[in-house]
Amino acid sequence: MNESTAPGPADPARRGWLLGAVAAAAAAAGAGFAWWRHRVADIDTAASDRLWTLSFATPQGAPLAMAGFRGRPLLLNFWATWCAPCVEEIPLLDAFYRQNSANGWQTIGLAIDQPSSVRKYLQRSPISYPVALAGLEGTDLSRSLGNQAGALPYSVLFAADGSVRQRKMGKLSEADLKNWSGSS
């Protein structure tokens with residue numbers, strides 16, 4: 001083969017193909033890592049059963065026993081005042097609660113936050129649905145319900161029988177809530 005016709009490392013077509021292949025491999029690796037880091041893990045049924053035995057304090061100091069919420073669909077949302085996507089989704093969750101509570105739907109916000117921060121937030125932006133202070137126990141509970149990364153916001157939909165029907169890491173959308181309300 002003639003040296004002048006053999007493709008070399010400086011061949012623009014070959015270099016473009018190699019760069020494209022490297023970029024595609026890097027993108028696939030990045031997407032795979034992001035999926036792995038933010039995946040929703042399987043739930044041990046003992047963890048969801050344990051939820052119904054727990055009680056949390058409300059920002060006013062009253063106990064909020066989870067057992068009282070069993071028997072009807074429940075949307076449980078883990079959030080914090082310092083979490084921008086959490087705060088952004090609260091009006092949507094509040095509207096969902098007000099529109100669907102008469103139909104048996106329940107919503108609870110479990111704050112993974114300082115009690116004083118939650119009280120200040122609720123004074124500025126009242127929420128119609130019950131809010132409880134979960135602290136570090138809430139982080140552990142969230143993880144036991146499939147949120148391995150411990151990221152916020154994290155939402156879990158429970159059916160009336162107490163079983164987990166849906167879960168989502170990240171901010172909920174109107175479409176999520178519409179789909180979820182039709183699934184339980």
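Residues numbered from 1 in each chain as written. Predicted model: local features only at pLDDT ≥ 70, side-chain atom pairs only at ≥ 80, totals over all residues. Heavy atoms only, no water.

## Details of the overall build of the protein chain
Keep this limit in mind: Strands here mean DSSP runs of E at least two residues long; helices mean DSSP runs of H or I at least four residues long; both are numbered from the N terminus. Here's how the labels work: a residue is buried when its accessible area is under 20% of the maximum for its type, exposed when over 50%, partly exposed in between, all with a 1.4 Å probe on protein chains only. In what follows, a contact means two residues having at least one pair of non-hydrogen atoms within 4.5 Å. Per-residue and other accessible areas were derived by the Shrake-Rupley procedure at a 1.4 Å probe size, with only the shown protein chains allowed to occlude residues.
Looking only at helices and strands, the protein chain has six helices and seven strands in total. Of all 184 residues assigned to the protein chain, the portion counted as buried reaches 38%. A fraction of 65% describes how many contacts in the protein chain between residues 6 or more apart in sequence connect residues 24 or more apart. When the accessible surface of the protein chain is split by element, carbon and sulfur atoms take 56% of a total near 10000 Å².

## Brief notes about the side chain of asparagine 147
The condition that has to hold: Whenever two N or O atoms come within 3.5 Å, that pair is a polar contact, provided that in protein one can donate a hydrogen and the other can accept it, and provided that, for residues adjacent in sequence, both atoms are side-chain atoms.
As for its position among the elements, asparagine 147 is in the loop between α5 (135–144) and β6 (154–158). We classify asparagine 147 as buried; its relative accessible area is 0%. A polar side-chain atom of asparagine 147 sits 2.7 Å from the main-chain carbonyl oxygen of alanine 151. In contact with asparagine 147, not counting residues within four places along its chain, are Ser142, Tyr154 and Met169.

## A few points about helix α3 (residues 84–100)
Which entries qualify depends on this criterion: Helix span, as expected, comes to 1.5 Å for every residue beyond the first. The quantity called bend is, for any residue, the angle between two axes fitted respectively to the seven residues ending at it and the seven beginning at it.
With 17 residues, α3 extends 25 Å between its outermost C-alpha atoms, agreeing within 8% with the 24 Å of an ideal straight helix rising 1.5 Å per residue. Largest kink in α3: about 35°, centred on isoleucine 90, with the proline proline 91 one to four residues after it. Every buried residue of α3 is accounted for by Cys86, Glu89, Ile90, Leu93, Asp94, Phe96 and Asn100.

## Quick notes on the pattern of salt bridges
Applied cut-off: In what follows, salt bridge is the name for a side-chain nitrogen of Lys or Arg lying within 4 Å of a carboxyl oxygen of Asp or Glu.
Overall, the coordinates contain three salt bridges when judged by the stated rule. The residue glutamate 88 makes a salt bridge to lysine 171 at a minimum N-O spacing of 3.0 Å. Taken together, the positions of glutamate 88 in helix α3 and lysine 171 in the loop between β7 (164–169) and α6 (174–183) put the pair 83 residues apart, joining distant regions of the chain.

## Notes on the pairing of strand β4 (residues 106–111)
The two faces of a sheet get side chains in turn, since along a regular strand they alternate between them. Inclusion rule: A pair of strands is treated as paired once DSSP finds two or more bridges between them. A crossover gets the label right-handed when its path from the first strand over the helix to the second runs clockwise, viewed with the strands pointing away from the viewer.
Across the six residues that make up β4, a large majority, six, are buried. Across six bridges, the pairing between strand β3 (residues 74–79) and β4 is parallel. Paired with tryptophan 79 across the strands is alanine 111, a residue of β4. Taken together, β3, α3 and β4 constitute a β-α-β crossover, and its handedness is right-handed. Relative to strand β5 (residues 131–133), β4 is paired through three bridges, and the arrangement is parallel. Note on β5: the bridge partner recorded for leucine 110 is alanine 132. Crossover connection from β4 via helix α4 (residues 115–124) to parallel β5: handedness right-handed.

## Focus on the state of the cysteines
Convention followed: In what follows, a disulfide is any cysteine sulfur pair within 2.5 Å.
The final tally for this structure, using the stated rule, is one disulfide. Through a disulfide, cysteine 83 is tied to cysteine 86; the S-S separation comes to 2.3 Å. Disulfide cysteine 83-cysteine 86: torsion about the S-S bond near 75°, hence right-handed. Across the pair, exposure class does not vary: cysteine 83 and cysteine 86 are buried alike.

## Remarks on the environment of serine 125
Locating serine 125 in the fold gives a position in the loop between α4 and β5. As a C-alpha pair, serine 125 and valine 87 span 38 residues in sequence and 9.8 Å in three-dimensional space.

## Looking at the nonpolar core
To be explicit about the condition: Among buried residues, the Ala, Val, Leu, Ile, Met, Phe, Trp, Tyr and Cys ones that are joined through side-chain atoms within 4.5 Å form a nonpolar core.
Ranked by size, the top nonpolar core spans 43 residues in total, and within it Met66, Leu76, Phe78 and Leu110 carry the most contacts. When residues of this core are traced back to their parent elements, those giving at least two are β3, α3, β4, α4, β5, β6 and α6. If we ignore the near neighbours within four places in the chain, the residues touching methionine 66 are Leu51, Trp52, Leu54, Phe56, Leu74, Leu76 and Ile108.

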